Structures are given as structure tokens and as C-alpha cells.
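Listed below are the residues making up each chain.
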Amino acid sequence: MASDKLALLGGPKAVTRQEELKAAARWPLFGEEEKRAVRETLEGGNVYAPIAELERDFAAYHGVRFALAHNNGTSSIHSAYFAVGVGPGDEVITSAYTWHLQVAPILALHAIPVFCDVDPKAACLDPADIERKISLRTKAIAVLHPYGAVAPMDEILAVARRYGIPVIEDCSHAHAATYRGRKVGTLGDIGCFSLQASKLITAIEGGMLITDREEYYERACVLGHYERIPQLKSEQYRKYHQPEREQAPSCFGFKYRIHPLAAAIARVQLRHVDEWTAIRRRNMGYLTERLRELSAVFEPPYEASGTERVWLNYICQYHEERAGVPRERFIEALRAEGLPATGGRTGYLPVYWNPLYEERSMWAEGYPFDASYVSRKITYQRGLCPEAERFWRRTVGLPVLHWECSQELRDEIVAAVAKVLRNLEVLK
Ligand SMILES: Cc1ncc(COP(=O)(O)O)c(C=O)c1O
């Protein structure tokens with residue numbers, strides 16, 4: 001049996017299959033199919049063709065009426081807020097634990113983010129806190145499925161329906177995840193997806209908005225897709241761009257069209273998403289099961305019952321107070337074992353930990369936070385969302401194994417964590 005001495009202290013590395021680990025963790029990885037799709041677009045007669053093709057396939061995959069491709073996830077989220085009617089002075093409930101670009105479009109609409117706290121296991125929105133944060137001005141609830149863990153949608157939707165507030169799912173981390181057998185993005189009123197390079201369906205840069213409500217689709221088109229306005233059903237919007245009339249075209253301020261080569265790449269990725277998701281689920285499911293048995297100091301990621309989560313990241317929770325060893329030291333020991341663990345900034349810091357929320361002035365003094373159209377003062381002091389503030393401090397990220405790999409590699413990863421946990425005393 002190999003020595004149990006930590007590699008950090010001169011012992012042998014637990015993970016010896018470094019090349020295999022690197023290959024299995026590599027993402028994104030483009031193959032001949034993506035290259036062919038790009039080449040065919042460049043050589044075909046209609047360079048824009050992949051956009052409609054991607055939208056058709058994305059809508060069919062999710063079983064929804066409308067899919068509207070965007071140039072990135074942020075713009076799809078901006079369109080979603082606008083689509084449900086968010087405007088100056090309105091409030092949008094959003095997670096304190098999310099990527100800032102889920103929140104920034106709220107401000108771009110002169111609306112006010114109201115941060116909601118999360119559960120300590122998976123950092124999903126806490127439905128009880130959502131209810132506490134609802135006011136007469138709440139216009140939307142934005143739900144994240146963090147790192148691929150699916151939020152408790154029944155509870156969230158029950159609160160939202162009780163108050164008649166639309167729900168926007170930010171599925172940027174959770175392509176192909178399901179909740180009680182239904183795909184994420186189809187549970188709320190609108191689903192948004194980033195297709196940026198790190199995501200589980202990638203266009204390198206791109207985004208997608210899906211919905212069953214024509215009204216939402218049409219409003220999203222009016223905001224950022226002027227060329228679609230002549231085809232819209234409602235005259236209320238069609239009037240802004242009527243090529244047959246002696247009238248200049250217009251939209252409401254943005255051009256959010258996806259690059260067609262990006263759409264061509266994403267379309268190939270979409271065709272493979274189920275197969276690739278299954279590989280990740282096998283790999284990460286095995287690790288999770290094994291790591292769960294090890295110690296109360298180290299918790300692998302959570303999967304709620306009734307959900308099939310996916311693996312954008314593998315975010316574990318390290319309980320420093322139980323271990324008596326600082327997280328950074330624990331991570332250092334894992335890395336020395338040949339397991340590229342990450343900490344700190346891998347997890348999100350609460351979005352409101354930014355000077356923007358203290359300064360309260362973006363474009364002009366007091367705008368939008370204290371503008372005349374705001375009906376109550378929302379503040380963003382530290383301590384606002386305590387679980388979100390704690391979650392990132394416990395974060396230890398391990399690599400996601402995206403591709404088929406050997407049982408030996410998976411076991412070496414488990415062995416590396418187990419070895420460091422066995423040796424906490426010597427790390428103190
Ligand atoms: C949760 C979440 N929302 C929104 C975005 C924004 O997407 P994009 O970078 O494609 O604009 C991201 C991107 O990482 C994200 O992780």
C-alpha cells in the first residue's frame with residue numbers, strides 16, 4: 001500500500017493519472033462536427049441560416065413554442081426582464097448568490113434588485129425568503145440553478161403564483177437539467193441560457209431565451225431584434241418597423257442578434273447534450289456517492305430528490321470550523337496530491353458586495369436606486385443575506401470530469417480527498 005504521508009509533506013501523490021485527468025476535465029472541446037458546421041455556414045448561400053436552425057432545435061428540445069437566440073446570456077436575461085414588463089422603479093427579486101450579470105440588466109432597466117438568500121446546501125433561492133421580500137412593486141423573480149443544482153421550483157412557483165409574479169429561470173448553469181422530469185427553463189415563465197465558452201452547451205459566446213408566451217417573445221423582439229418586428233402578431237409592436245410604409249425602422253435600443261457561426265457551433269453542441277450530460281452524471285455521481293461517505297468536514301455537492309442535476313462545476317463545502325484547518329491549507333494539500341482543487345473565488349461572492357450598491361449612483365446622482373420613480377428605499381448592507389455570505393467561504397471546487405475516463409482515475413480522486421481528510425491533524 002502506498003504511503004499515507006501527504007504529498008505536501010514529501011509523500012507520494014494520490015492522483016498519478018495526470019494526463020488522463022487533464023483530458024477528462026477539458027471543456028469545451030470542439031470536434032470535426034463543429035468545424036464542419038462553421039465551414040458549411042461560410043460556404044453556404046445564407047450565412048444567417050444557423051440562427052433559425054438553432055432556435056428551431058432549441059425550442060424542440062425543450063418542447064416550447066419560442067426560442068430567441070441572443071448574442072450572450074446577459075442580453076437574453078435583459079430581454080426577459082423587459083418582456084415581463086420590468087421598468088423604472090420596479091423591483092426584481094434575485095439571488096444574492098449568482099453571477100453579477102443576472103442582476104445588472106435589472107439596473108439597466110432602471111429597476112431595483114432585491115436580493116434573496118439561499119439554502120446552505122446548494123445555494124438555491126430560499127422560497128420563504130422570496131416571500132418575505134415581495135412588495136407591491138415586485139415585477140419578477142429571477143431563479144438560478146446554481147452550478148447545475150435545480151432550485152425548488154414547486155415551492156418557488158407556489159409563492160410566485162400566489163402573488164401573480166412571473167418567474168424567470170436563469171439556466172446558464174443547468175442546460176439539460178430536469179425537475180420532476182421537466183427540463184429547466186420550461187418551469188417558469190421564461191428560461192434564459194448563457195451559451196458562453198464554459199457552459200454545457202456553448203456557442204463560445206451566445207445566449208437563448210425560451211418561452212411559451214407569445215407576448216413575452218414579442219416584447220423580447222422589440223427590445224433587441226428589430227428585424228423580427230415586421231413578423232410579429234401584435235400591431236402594438238409591429239408598428240415600429242413597417243418596411244412597406246414610408247417610415248424609419250426602430251426597436252427599443254439594442255441589437256442582440258447572435259453571431260451565426262456561434263449559432264452553428266451551439267447547434268452541434270445541442271445535438272450532443274444528452275449524451276455528454278450522461279457521461280458527466282456517471283462520473284460525478286460516482287464521486288459524490290463516494291465522497292459523501294468520508295467525513296462531515298467535507299460535503300460533496302447536493303442533488304435534491306426529484307431533480308436530475310447537471311455538472312457545470314463541482315462545488316463542495318468544506319467546514320473549516322469542524323476541521324480545525326484553514327480552507328486554503330486544505331486546498332493546498334489537495335493540490336499537492338495532484339488534484340487541482342480551487343477555493344475562494346470559485347464560489348460567488350454576494351452580488352451586493354460591490355461599491356455600486358454602496359454608492360447608489362450609476363448614471364447620475366442617485367440613479368436608479370433613489371430616483372423619483374422608486375417607491376421605497378432598498379439598501380444593501382453587509383449581513384443582508386447571511387447564507388449567501390457564508391456559502392462562498394466554504395467552497396472547494398474539484399474538476400468536473402466531462403468525458404469518459406477510467407475507474408482508476410475516479411478512485412484516485414476519491415483517494416486524494418480521503419487521504420487529506422485522514423491527515424487533518426498533521427495539517428494543523
Ligand atoms: C448565472 C449566470 N447568469 C448570466 C450569465 C451571463 O451570461 P453571458 O456571459 O453569456 O452573458 C452567466 C455567465 O457566466 C451566468 O453564469
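Now for a description of the structure that goes with this document.

Parameters and conventions
- Residues numbered from 1 in each chain as written.
- Predicted model: local features only at pLDDT ≥ 70, side-chain atom pairs only at ≥ 80, totals over all residues.
- Heavy atoms only, no water.
- Near = heavy atom within 4 Å.
- Polar contact = N/O pair within 3.5 Å; in protein donor to acceptor, adjacent residues only side chain to side chain.
- Helix = DSSP H or I, 4+ residues; strand = E, 2+ residues; numbered from the N terminus.
- Nonpolar A, V, L, I, M, F, W, Y, C, P; charged D, E, K, R; others polar.
- Contact = heavy atoms within 4.5 Å.
- Buried < 20%, exposed > 50% of the residue type's maximum accessible area, 1.4 Å probe, protein only.
- Pairing = 2+ DSSP bridges.
- Axes fitted to C-alpha atoms, helices over the stretch in contact; angles between N-to-C directions.
- Parallel < 35°, antiparallel > 145°, perpendicular 65-115°, else oblique.
- Left-handed = near helix turned anticlockwise from the far one by under 90°.
- Salt bridge = Lys/Arg side-chain N within 4 Å of Asp/Glu carboxyl O.

### Some remarks on the site of the ligand
Next, step 1: Taken together, 15 residues lie near the ligand, and Gly-73, Thr-74, Asp-170, Ser-194 and Lys-199 sit nearest.
Next, step 2: Thr-74 is positioned with one of its side-chain polar atoms (N or O) 2.5 Å from an oxygen atom of the ligand.
Next, step 3: Lys-199 is positioned with one of its side-chain polar atoms (N or O) 2.7 Å from an oxygen atom of the ligand.
Next, step 4: Sort the elements by how many residues they give to the shell around the ligand and helix H4 (residues 73-83) lands first, with three residues.
Next, step 5: Looking at the shell around the ligand residue by residue, the class counts come to four nonpolar, nine polar and two charged.

### What to know about the side chain of His-173
Next, step 1: Secondary-structure assignment places His-173 in the loop between strand S5 (167-170) and strand S6 (178-179).
Next, step 2: A polar contact of 3.0 Å, which involves the side chain of His-173, links it to the side chain of Tyr-348.
Next, step 3: With near-sequence residues (within four places) excluded, His-173 lies in contact with Leu-144, His-145, Pro-146, Tyr-147, Gly-148, Lys-199, Leu-200, Val-310, Leu-312 and Tyr-348.

### Concerning the pairing of strand S2 (residues 91-95)
Next, step 1: Burial analysis of S2 places five of its five residues in the buried class, the great majority of the element.
Next, step 2: Neither face of S2 is exposed, since Glu-91, Ile-93 and Ser-95 on one face and Val-92 and Thr-94 on the opposite face are all buried.
Next, step 3: As defined by bridge partners, S2 adjoins strand S3 (residues 112-116) across five bridges and the pair is classed as parallel. Its bridge partner being in S3, Thr-94 is matched across the sheet by Phe-115.
Next, step 4: Relative to strand S4 (residues 138-144), S2 is paired through three bridges, and the arrangement is parallel. The partner of Val-92 across the bridge, within S4, is Ala-140.

### Brief notes about the sheet that holds strand S11 (residues 307-308)
Next, step 1: On the basis of which strands lie adjacent, the open sheet formed by three strands has the order S7-S6-S11 and antiparallel pairing. Two strands close off the open sheet at either side, each with one partner strand: strand S7 (182-183) and S11.

### Observations concerning the packing of helix H2 (residues 32-43) against helix H10 (residues 260-292)
Next, step 1: At a closest axis distance of 8 Å, the pairing of H2 and H10 adopts a crossing angle of 150°. The angle between H2 and H10 falls in the class roughly antiparallel. Crossing geometry of H2 relative to H10 is assigned as right-handed. Facing H2, whose interface residues are Glu-33, Glu-34, Ala-37, Val-38, Thr-41 and Leu-42, H10 presents Leu-261, Ala-264, Ile-265, Val-268, Gln-269, Arg-271, His-272 and Trp-276.

### A short note on the pattern of salt bridges
Next, step 1: Scanning the model with the defined rule gives 34 salt bridges in all.
Next, step 2: Between Glu-19 and Lys-22 there is a salt bridge whose closest N-O contact spans 3.8 Å. With Glu-19 and Lys-22 both in helix H1 (residues 18-25) and three residues apart, this pair spans about one turn of that helix.
Next, step 3: The exposure class assigned to Glu-19 is exposed, which follows from its relative accessible area of 59%.
Next, step 4: A relative accessible area of 56% places Lys-22 in the exposed class.
Next, step 5: Put simply, Arg-360 and Asp-370 hold a salt bridge, and the shortest N to O gap is 2.9 Å.

### Some remarks on unusual backbone geometry
Next, step 1: For the peptide bond that leads from Trp-27 to Pro-28, omega is -5°, which places it in the cis range.
Next, step 2: The linkage connecting Tyr-367 with the following residue, Pro-368, adopts the cis geometry, with an omega of 5°.
Next, step 3: Along the chain, Pro-368 falls in the loop between helix H13 (355-359) and helix H14 (386-391).
Next, step 4: The phi dihedral of His-110 is positive, around 60°, even though this residue is not glycine.

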